[in-house]
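Here are the chains, one letter per residue:
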Amino acid sequence: MKLWKGRFSKDSATSADEFNASIGFDRRLYREDITGSIAHAEMLGRQGIISTEESALIVKTLKEILKDIEDGKVEFTVEGEDIHMNIETLLTERIGSTGKKLHTARSRNDQVAVDFRLYLRKETDEIDVLLKELMETLKKLAEEHVETVMPGYTHLQRAQPVTLAYHLLAYYNMFSRDRERFADCRKRINRLPLGSGALAGTTYNTDRQFLAGKLDFDSVLPNGMDAVADRDFALEFLSCVSVTMMHLSRFCEELINWSSVEFGFIEMDDAYSTGSSIMPQKKNPDMAELIRGKTGRVYGDMMALFTVCKGLPMAYNKDLQEDKEPVFDAADTLKASLGIFREMISTMTVKKDSMRSAARYGYMNATDAADYLVSKGIPFRDCHSIIGNMVLYCINEGKALDELTMEEFKSFSPAFEEDIYEAIDVVNCIRAKKSEGSTSFDSVRKQLKDISGEN
Ligand code: ARG
């Protein structure tokens, strides 16, 4: 029987029931819904809105229902429409008119808002753990590769030599900010909407502060209409998920490149690779490609909810029922991606020698050669053009800069001396970096030391 049937003179169409129902997906909020209802029932009892016996019976029965759901003994129905009414119906079936008192001084609008916030708070905490674990893995890998020299790129063209540790720490920092973003988002998730009624508050002497304390919310949302109508906390969550997926996706793009024969910098473990149904030689980095692909899907989830919300008048509108699936999907996708990504990078083989030999070619020491001339008193712009000419010459001669003879060096500038060879040695190029946060071995060791107490 529909809980709101009183005002209607005939049954709704089965097709309308099916279209309207959210139980197919909001069933996953059963725990949050029961948690919120238990707090509400306790508050009603404390405030004398229902008797303490009634309150206790409702709480006890809700706990039994929770256990039964977890034991797979409960069947939800489309007729029950959503998780809130399904649970209320179960309660009433078990304890009759006492169960019917639970919905005093609350609406489904504040019920769904509190459930969703409780759910997102839990998801945010789980994501935080996964990010923390990934950062641990990255830190460990970086520690192993402080001296692994590799090409650094801009425009995907060889630019300057760096170390793998430096490159990995770049991502470590991105994920560290992702954690900050989620932590910040959590602050706004963790405010209590419950007790707002449908939109205008209620006529009962409720205690929303008690509810906030009971449900571990940091504060009570000060305006009931806002509390039931807005989903900005979910949009913020989706933005955080999108940024993190974007970081993962960039990293995946690099790993895909690096595992090609053209780069040959890494090899994925067989356990995290797939083959081709036709080309026997293939070993494909599918996990990384899928994470990159799923990033698009998560952006879609974010845009979906932004679009749902943009034209809604105050306060609750049924459009808001469309908030859940994109959020569930984005959270599931991020958690799965973080997990598999971590496994993938902790099992891959780094081909240090290929990285190092790639760093020798591509004139990546040209900036250092220019800096060498600066140290001899020549203005940087002139040095830039001298070295540019030298590179062009080397390309035509098929030589690296450090393969030029002293005579050749001198023909470009008399300022060159024997110590140029040392100055443009790839390892020295890295060592010579002095600025804070650079790729120099010392700086990377310091960066690692600075994060050693983190997490
Ligand atoms: N299933 C609904 C949702 O997900 C719950 C709130 C329904 N409120 C209402 N006034 N119809 O948004």
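Scroll up for the structure.
Residues numbered from 1 in each chain as written. Predicted model: local features only at pLDDT ≥ 70, side-chain atom pairs only at ≥ 80, totals over all residues. Heavy atoms only, no water.

Trainee: Looking at this structure, how should I read unusual backbone geometry?
Mentor: What is expected of a backbone is that most residues other than glycine have negative phi and most peptide bonds are trans. At the junction of Met314 and Ala315, the peptide bond is cis and its omega measures out at -5° in the coordinates. Tracing the sequence through the fold places Ala315 in the loop between helix H11 (286-309) and helix H12 (324-347). In this model, Glu81 sits at a positive phi of 70°, which is unusual for a non-glycine residue. Among the secondary structure elements, Glu81 is positioned in the loop between helix H4 (52-70) and helix H5 (83-95). Accessibility expressed as a relative area gives 3% for Glu81, which makes it buried. (Helix = DSSP H or I, 4+ residues; strand = E, 2+ residues; numbered from the N terminus. Buried < 20%, exposed > 50% of the residue type's maximum accessible area, 1.4 Å probe, protein only.)

Trainee: What am I meant to see in the pairing of strand E1 (residues 149-154) here?
Mentor: On a regular strand, each side chain points to the face opposite its neighbour's, so the side chains alternate between the two faces of the sheet. As defined by bridge partners, E1 adjoins strand E2 (residues 157-163) across six bridges and the pair is classed as antiparallel. Note that in E2 the partner of Val149 across the bridge is Thr163. Hairpin connection between E1 and E2: a loop of two residues separates the two successive antiparallel strands, and His155 in this loop has a positive phi of roughly 55°. (Pairing = 2+ DSSP bridges.)

Trainee: Sorry, what's going on with the site of the ligand here?
Mentor: Contacts to the ligand come from Ser22, Asp26, Asp82, His84, Arg108, Asn109, Val112, Tyr316, Gln321 and Lys324. Side-chain polar atom of Gln321 to a nitrogen atom of the ligand: 2.7 Å apart, as the coordinates give it. In the environment of the ligand, an oxygen atom lies 2.6 Å from a nitrogen or oxygen atom belonging to the side chain of Lys324. For the ligand, whose unbound accessible area comes to 340 Å², protein coverage reaches 87%. Counting atoms within 2 Å of the grid points, the majority share of the ligand lands in the second largest pocket. For the shell around the ligand, the element with the most residues is helix H6 (residues 108-144), which contributes three residues. The residue inventory of the shell around the ligand, partitioned by class, reads two nonpolar, four polar and four charged. (Near = heavy atom within 4 Å. Polar contact = N/O pair within 3.5 Å; in protein donor to acceptor, adjacent residues only side chain to side chain. Areas by Shrake-Rupley, 256 points an atom, 1.4 Å probe, with all protein chains shown as cover. 1 Å grid on protein atoms, 1.4 Å probe; cavity = no way out; pocket = protein on both sides within 12 Å on 5 of 7 lines; lining within 4 Å. Sits in = over half its atoms within 2 Å of the grid points. Nonpolar A, V, L, I, M, F, W, Y, C, P; charged D, E, K, R; others polar.)

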